[in-house]
Amino acid sequence: MAVGISQEAFDTVSSRTYVSILERGVNVPTLTKIDALVRVLGLHPLTVLTLAYANSPSTNDVSKVLELVADEVASLHLDKFSEASLPRGRTRTKT
(Lines give C-alpha, C1' and ligand atoms only; values in the text may rest on other atoms or scores of the structure.)
Protein backbone atom coordinates (compact mmCIF):
# COMPACT_ATOMS: atom_id res chain seq x y z
CA MET A 1 0.00 0.00 0.00
CA ALA A 2 1.62 3.20 -1.14
CA VAL A 3 0.46 6.29 0.71
CA GLY A 4 3.62 8.37 0.66
CA ILE A 5 4.65 7.84 4.28
CA SER A 6 8.30 7.18 5.02
CA GLN A 7 9.49 4.21 7.06
CA GLU A 8 10.63 6.66 9.72
CA ALA A 9 6.97 7.41 10.48
CA PHE A 10 6.68 3.89 11.88
CA ASP A 11 9.61 4.28 14.31
CA THR A 12 7.27 4.42 17.30
CA VAL A 13 5.79 0.99 16.53
CA SER A 14 8.48 -0.88 14.62
CA SER A 15 12.01 -0.75 13.29
CA ARG A 16 12.72 0.38 9.73
CA THR A 17 14.28 -3.02 9.10
CA TYR A 18 11.05 -4.81 10.08
CA VAL A 19 8.94 -2.47 7.93
CA SER A 20 11.27 -3.11 4.99
CA ILE A 21 10.95 -6.87 5.53
CA LEU A 22 7.15 -6.55 5.48
CA GLU A 23 7.25 -4.42 2.33
CA ARG A 24 9.25 -7.12 0.57
CA GLY A 25 6.86 -9.84 1.70
CA VAL A 26 9.58 -11.73 3.55
CA ASN A 27 7.63 -11.82 6.82
CA VAL A 28 3.96 -11.83 7.81
CA PRO A 29 2.93 -9.49 10.63
CA THR A 30 0.76 -10.53 13.56
CA LEU A 31 -2.65 -8.93 13.98
CA THR A 32 -1.23 -6.91 16.87
CA LYS A 33 1.52 -5.56 14.61
CA ILE A 34 -0.97 -4.83 11.80
CA ASP A 35 -3.03 -2.85 14.31
CA ALA A 36 -0.02 -0.77 15.36
CA LEU A 37 1.22 -0.17 11.81
CA VAL A 38 -2.10 0.88 10.29
CA ARG A 39 -2.83 3.28 13.12
CA VAL A 40 0.32 5.16 12.05
CA LEU A 41 -1.43 5.49 8.68
CA GLY A 42 -4.55 6.78 10.42
CA LEU A 43 -6.58 3.75 9.36
CA HIS A 44 -8.64 1.16 11.18
CA PRO A 45 -7.11 -2.34 10.95
CA LEU A 46 -10.26 -3.67 9.27
CA THR A 47 -9.73 -1.24 6.40
CA VAL A 48 -6.44 -2.88 5.49
CA LEU A 49 -7.75 -6.40 6.08
CA THR A 50 -10.81 -5.66 3.92
CA LEU A 51 -8.57 -4.45 1.11
CA ALA A 52 -6.43 -7.57 1.49
CA TYR A 53 -9.48 -9.80 0.94
CA ALA A 54 -11.22 -7.73 -1.75
CA ASN A 55 -10.45 -8.62 -5.36
CA SER A 56 -9.73 -4.94 -6.01
CA PRO A 57 -10.00 -1.64 -4.14
CA SER A 58 -13.24 -0.85 -5.99
CA THR A 59 -16.25 0.14 -3.92
CA ASN A 60 -18.15 -2.85 -5.32
CA ASP A 61 -15.51 -5.43 -4.30
CA VAL A 62 -15.05 -3.86 -0.86
CA SER A 63 -18.83 -3.88 -0.36
CA LYS A 64 -18.95 -7.60 -1.19
CA VAL A 65 -16.35 -8.39 1.48
CA LEU A 66 -18.12 -6.24 4.07
CA GLU A 67 -21.47 -7.83 3.23
CA LEU A 68 -19.96 -11.30 3.66
CA VAL A 69 -18.51 -10.31 7.04
CA ALA A 70 -21.82 -8.79 8.18
CA ASP A 71 -23.68 -11.96 7.16
CA GLU A 72 -21.17 -14.18 8.98
CA VAL A 73 -21.33 -12.07 12.14
CA ALA A 74 -25.14 -12.20 12.04
CA SER A 75 -25.03 -15.97 11.65
CA LEU A 76 -23.08 -16.25 14.92
CA HIS A 77 -26.15 -15.08 16.85
CA LEU A 78 -24.21 -12.98 19.31
CA ASP A 79 -27.38 -11.58 20.91
CA LYS A 80 -25.95 -12.34 24.33
CA PHE A 81 -22.56 -10.74 23.66
CA SER A 82 -20.68 -9.74 26.78
CA GLU A 83 -17.53 -7.70 27.21
CA ALA A 84 -16.06 -10.64 29.14
CA SER A 85 -16.10 -12.75 25.97
CA LEU A 86 -13.48 -10.58 24.28
CA PRO A 87 -9.88 -11.84 24.26
CA ARG A 88 -7.34 -10.28 26.62
CA GLY A 89 -9.90 -8.07 28.33
CA ARG A 90 -10.31 -5.74 25.36
CA THR A 91 -13.52 -3.84 25.00
CA ARG A 92 -15.46 -3.14 21.87
CA THR A 93 -14.64 0.20 20.29
CA LYS A 94 -17.33 2.25 18.64
CA THR A 95 -16.54 3.33 15.11
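Residues numbered from 1 in each chain as written. Predicted model: local features only at pLDDT ≥ 70, side-chain atom pairs only at ≥ 80, totals over all residues. Heavy atoms only, no water.

Engineer: Would you mind showing me how to read a nonpolar patch on the surface here?
Structural biologist: A contiguous nonpolar patch, built from Val-69, Val-73, Leu-76 and Leu-78 and spanning about 350 Å² of accessible area, is present on the exposed surface. Turning to its location among the elements, Val-73 is positioned in helix 4 (residues 59-75). (Patch = residues over 30% accessible without salt bridge, like charges linked within 9 Å, V, L, I, M, F, W, Y side chains within 5 Å. Areas by Shrake-Rupley, 256 points an atom, 1.4 Å probe, with all protein chains shown as cover. Salt bridge = Lys/Arg side-chain N within 4 Å of Asp/Glu carboxyl O. Helix = DSSP H or I, 4+ residues; strand = E, 2+ residues; numbered from the N terminus.)

Engineer: Hey, could you run me through the packing of helix 3 (residues 45-53) against helix 4 in this one?
Structural biologist: Each pair of packed helices can be described by the angle between their axes along with the distance between the axes. Remark: helix 3 packs on helix 4, axes separated minimally by 9 Å, with the N-to-C direction vectors making an angle of 110 degrees. Put simply, helix 3 runs roughly perpendicular to helix 4. Where helix 3 approaches helix 4, its residues Thr-50, Leu-51 and Tyr-53 are matched on the opposing element by Val-62, Val-65 and Leu-66. Residues of the contact of helix 3 with helix 4, tallied by class, amount to five nonpolar, one polar and no charged. (Axes fitted to C-alpha atoms, helices over the stretch in contact; angles between N-to-C directions. Parallel < 35°, antiparallel > 145°, perpendicular 65-115°, else oblique. Contact = heavy atoms within 4.5 Å. Nonpolar A, V, L, I, M, F, W, Y, C, P; charged D, E, K, R; others polar.)

Engineer: What is the right way to look at helix 2 (residues 31-40) in this model?
Structural biologist: For an α-helix, 3.6 residues make a turn, and residues three or four places apart therefore share a direction. Those residues of helix 2 not exposed but buried are Ile-34, Leu-37 and Val-38. Each buried residue of helix 2 sits inside an arc of 95 degrees when the element is viewed along its axis, so together they form one side. At its buried positions, helix 2 is contacted by helix 1 (16-23) and helix 3. Just downstream of helix 2 lies Gly-42, where phi reads positive at about 80 degrees. (Buried < 20%, exposed > 50% of the residue type's maximum accessible area, 1.4 Å probe, protein only. Arc of directions from axis to C-beta.)

Engineer: Help me understand the side chain of Asp-61, please; the structure alone is not making it clear to me.
Structural biologist: Its location among the elements puts Asp-61 in helix 4. Buried within the structure, Asp-61 lacks any salt-bridge partner; its nearest side chain of opposite charge belongs to Lys-64, at an N-O separation of 4.2 Å. Contacts of Asp-61, omitting those with residues within four sequence positions, involve Ala-54, Asn-55 and Ser-56. (Lys, Arg positive; Asp, Glu negative; His and termini not counted.)

Engineer: Is there a simple way to think about the side chain of Ser-14 in this case?
Structural biologist: Residue placement: Ser-14 occurs in the segment before helix 1. The class for Ser-14 is buried, based on a relative accessible area of 10%. Setting aside residues no more than four positions away along its own chain, Ser-14 makes contact with Val-19, Lys-33 and Leu-37.

Engineer: Is there a simple way to think about the environment of Ser-20 in this case?
Structural biologist: Structurally, Ser-20 can be placed in helix 1. Measuring from C-alpha to C-alpha, the distance between Ser-20 and Gln-7 comes to 7.8 Å, with 13 residues separating the pair along the chain.

Engineer: In this structure, what is going on with the nonpolar core? I would like to understand it.
Structural biologist: The nonpolar side chains of soluble globular proteins are, as a tendency, buried together. In terms of nonpolar packing, the biggest core is built from five residues, these being Phe-10, Tyr-18, Val-19, Leu-22 and Leu-37. Residue contributions to this core peak at three residues, all from helix 1. Not counting the four nearest positions on each side in its chain, Leu-37 is found in contact with Phe-10, Val-13, Ser-14, Val-19 and Leu-22. (Core = buried A, V, L, I, M, F, W, Y, C linked by side-chain atoms within 4.5 Å.)

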